[in-house]
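Single-letter residue listing:
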Amino acid sequence: TLTQPILKNSWIDNTRYQIQLYRKTLRNDLLALRLQMENSVSSVKTAYFNLIAARENVAVQRAAVTLAQQLVDENTRKVQFGAMAPLDQRQAESQAASSQSDLLAAQLAQAVQENTLRSLLDPLHLDEWRDVTPVPAETLLAVPENPDLSASLRTAIDSRPEMLQAKINLEKQHLAIKYTQNQLYPELDLKGSYGFNAASAMFGQALDTLRQGTDPSYSYGVALTIPLENTAARNAYKSARATLQQSLLQLKKIETTIVLAVDNDVKTIRSDLLRVAAPRKAREYAEDALRAGQARLLAGSTTSFEVLQLQSNLTTARSAEIRALADYNIALEQLALDEGTTLQRSKIDLKMPGIEGTERTQIGRT
């Protein structure tokens, strides 16, 4: 028996609709996996840069403690010989105590960043990481990059998983409209059948008749079924069209969000690159000023208070430079996340079937 629809269920029926829908759902789920991976990688790299900054800041605070203690020792000797007032010694001791407090705070911040990185790397086995101290293999650098806003926007529109998911949702709604619209048509089916009859009172003779094919039968014709109201199909079609409009608005909203995010990222990168240069110069000037101040103090042409101020300025400039370097690198990673290129930037090869034209899923690291 053969039935061939002409109108309803002709170019699409429920079975074909479900198959195409599940394929698009699979693509959507793979994009969700990619989005989760990009967020995880970006979070790890941000924590990594923050850990480098925290460790370098500990070194800065430790150097500040050393400088303050050296000044305390020098002032103590001068007070003993009557060459300095005890007040200057007290000021130096106060600065040393403050530097020691800042060092403890910096060490606490480093411990917090280490725990943050541990929790991101292996949240299910934190006990195994308790005695492991993550040590970065590099220092903070500012490799100048000048991203082009137009190119970044095109990349984000073409690569962001959220944008691709929104486009897939549009495809699903177009598919739903195609199916529900087809269900509005009446059923007009070509029907045909062919077979053999077995007319015999004995079972064995009936089988012989079927085997010999002496009594064939066939039929053909057209069946037309017209629903009187078809309310459910019309309502489903209207609902699909309304949902399509919602999906279009959602796509536009995501696109606007991406444009604003990328624009902010590019401006932040350019600003942070300038911020890296300014604190570096400030730190160099502070180092020169401190050396000059120490020389004047030895010559007796300045006070211990001025040297304390210069030491504090140098520590502040060093910390500001480290923070600027970390912020610049974090801004680059944020741009990659908003562009949807975090995996490519991290040299992680992720091939997904149905998305990039591949036939298998392969996750590797270059």
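Residues numbered from 1 in each chain as written. Predicted model: local features only at pLDDT ≥ 70, side-chain atom pairs only at ≥ 80, totals over all residues. Heavy atoms only, no water.

Peer 1: Just checking my understanding: could you explain the overall build of the protein chain for this structure?
Peer 2: Counting secondary structure elements, the protein chain contains eight helices and five strands. Its helices and strands in sequence order give the protein chain the pattern β-α-α-α-α-β-α-β-α-α-α-β-β, from N to C terminus. At 37 Å, the protein chain has a C-alpha radius of gyration far larger than the 21 Å of a compact globule built from 366 residues. If you line up the protein chain on its principal axes, its C-alpha atoms span 135 × 45 × 35 Å. Here the protein chain holds 366 residues, and the buried ones make up 36% of them. Restricting to contacts in the protein chain with at least 6 residues of sequence separation, those with at least 24 account for 79%. Approximately 21,500 Å² of the protein chain is accessible, and the part contributed by carbon and sulfur atoms is 55%. The distance from the centre of the 41 positive side-chain charges to the centre of the 41 negative ones in the protein chain is 4 Å. (Helix = DSSP H or I, 4+ residues; strand = E, 2+ residues; numbered from the N terminus. Rg over C-alpha atoms; globule rule 2.2 N^0.38 Å. Buried < 20%, exposed > 50% of the residue type's maximum accessible area, 1.4 Å probe, protein only. Contact = heavy atoms within 4.5 Å. Areas by Shrake-Rupley, 256 points an atom, 1.4 Å probe, with all protein chains shown as cover. Lys, Arg positive; Asp, Glu negative; His and termini not counted. Charge placed at Lys NZ, Arg CZ, Asp CG, Glu CD.)

Peer 1: I'm lost on the packing of aromatic side chains in this one. Help?
Peer 2: Each aromatic ring pair is characterised by the separation of its centres together with the angle its planes make. Taken as a whole and judged by the stated rule, the model has four aromatic pairs. Each ring, one from Tyr 17 and one from Tyr 179, has its centre 4.7 Å from the other, and the planes form 10 degrees; the classification is stacked. Of this pair, Tyr 17 sits in helix α1 (residues 14–80) while Tyr 179 sits in helix α4 (residues 161–182), placing them 162 residues apart in sequence. Considered together, Tyr 17 and Tyr 179 belong to a single accessibility category, that of buried residues. On the basis of an interplanar angle of 75 degrees and a centroid distance of 5.6 Å, the ring pair of Tyr 194 and Phe 196 is categorised as edge-to-face. Note on Tyr 194: relative accessible area 58%, which makes it exposed. (Phe/Tyr/Trp six-rings, centres within 6.5 Å; stacked < 30°, edge-to-face > 60°.)

Peer 1: How should the confidence of the model for the protein chain be read in this particular structure?
Peer 2: Where the model shows low pLDDT, its predicted coordinates should not be examined in detail. Residues at a pLDDT of 70 or more form 94% of the protein chain, whose mean pLDDT is 87. Per-residue pLDDT, averaged within each element of the protein chain, yields its smallest value for strand β5 (residues 362–365) (34) and its largest for α4 (95). Low pLDDT, under 50, characterises residues 356–366; the predicted model gives this stretch 24 contacts beyond four residues in sequence or across chains. (pLDDT = per-residue confidence, 0-100.)

Peer 1: How do you make sense of the nonpolar core when you look at a structure like this?
Peer 2: Nonpolar side chains in soluble globular proteins tend to end up buried together. If you look at the biggest cluster of nonpolar residues, it comprises 36 residues, and the most contacted ones within it are Tyr 17, Leu 140, Met 163, Ile 258, Val 262 and Ile 269. At the level of elements, α1, α3 (149–159), α4, α6 (231–299) and α7 (304–339) are the ones that each hand at least two residues to this core. When residues in this core are grouped by element, the largest group, 10 residues, is from α6. With 14 residues, the next largest nonpolar core counts Ala 68, Leu 71, Leu 297 and Leu 310 among its residues. (Core = buried A, V, L, I, M, F, W, Y, C linked by side-chain atoms within 4.5 Å.)

Peer 1: Honestly, the packing of α6 against α7 in this entry has me stumped. Any pointers?
Peer 2: Two measures define how a pair of helices packs: the angle their axes make with one another and the distance between the axes. One can describe the packing of α6 onto α7 by two numbers: an axis separation of 7 Å at closest approach and a directional angle of 160 degrees. One finds that α6 runs roughly antiparallel with respect to α7. Our pair here, α6 against α7, has a crossing hand that is left-handed. The residue inventory of the contact of α6 with α7, partitioned by class, reads 24 nonpolar, seven polar and 12 charged. (Axes fitted to C-alpha atoms, helices over the stretch in contact; angles between N-to-C directions. Parallel < 35°, antiparallel > 145°, perpendicular 65-115°, else oblique. Left-handed = near helix turned anticlockwise from the far one by under 90°. Nonpolar A, V, L, I, M, F, W, Y, C, P; charged D, E, K, R; others polar.)

Peer 1: Where do I start with the sheet that holds strand β1 (residues 2–5) in this structure?
Peer 2: One key point about sheets: their strands pair by backbone hydrogen bonds, in either a parallel or an antiparallel sense. One open sheet accounts for three strands, arranged β1-β2-β3; its pairing is antiparallel. The two strands at the open ends of the sheet, each matched to only one other strand, are β1 and β3 (216–225). Across the sheet, the axes of successive neighbouring strands diverge by a mean angle of 10 degrees, strand direction being ignored. Pairing between strand β2 (residues 187–196) and β3: 10 bridges, direction antiparallel. (Pairing = 2+ DSSP bridges.)

Peer 1: What am I meant to see in the environment of Asp 208 here?
Peer 2: Mapped onto the elements, Asp 208 comes out in helix α5 (residues 203–212). Under the relative-accessibility criterion, Asp 208 is labelled partly exposed at 30%. Separated by 10 residues in the primary sequence, Asp 208 and Ala 198 have C-alpha atoms spaced 8.3 Å apart.

Peer 1: Can you walk me through the pattern of salt bridges in this structure?
Peer 2: Side-chain pairs of opposite charge can arise whenever the charged atoms involved come near each other. One pass over the full model with this rule turns up 21 salt bridges. Residues Glu 321 and Arg 280 are paired through a salt bridge, measuring 3.9 Å at the closest nitrogen-oxygen approach. Taken together, the positions of Glu 321 in helix α7 and Arg 280 in helix α6 put the pair 41 residues apart, joining distant regions of the chain. A relative accessible area of 10% places Glu 321 in the buried class. (Salt bridge = Lys/Arg side-chain N within 4 Å of Asp/Glu carboxyl O.)

Peer 1: Would you take a moment to explain a nonpolar patch on the surface for this structure?
Peer 2: On the surface, Tyr 194, Phe 196, Phe 203, Leu 207, Leu 210, Tyr 218 and Tyr 220 cluster together into a nonpolar patch covering about 910 Å² of accessible area. Elements with a contribution of two residues or more to the nonpolar patch: β2, α5 and β3. Counting residues per element, the nonpolar patch draws most heavily on α5, which supplies three residues. Topologically, Leu 210 is positioned in helix α5. Accessibility expressed as a relative area gives 38% for Leu 210, which makes it partly exposed. (Patch = residues over 30% accessible without salt bridge, like charges linked within 9 Å, V, L, I, M, F, W, Y side chains within 5 Å.)

Peer 1: Please clarify how the environment of Tyr 218 should be interpreted in this entry.
Peer 2: Locating Tyr 218 in the fold gives a position in strand β3. Once the C-alpha coordinates of Tyr 218 and Ser 193 are considered, the two residues, 25 residues apart in sequence, prove to be 5.3 Å apart. Residues within four places of Tyr 218 in sequence aside, it is in contact with Ser 193 and Tyr 194.

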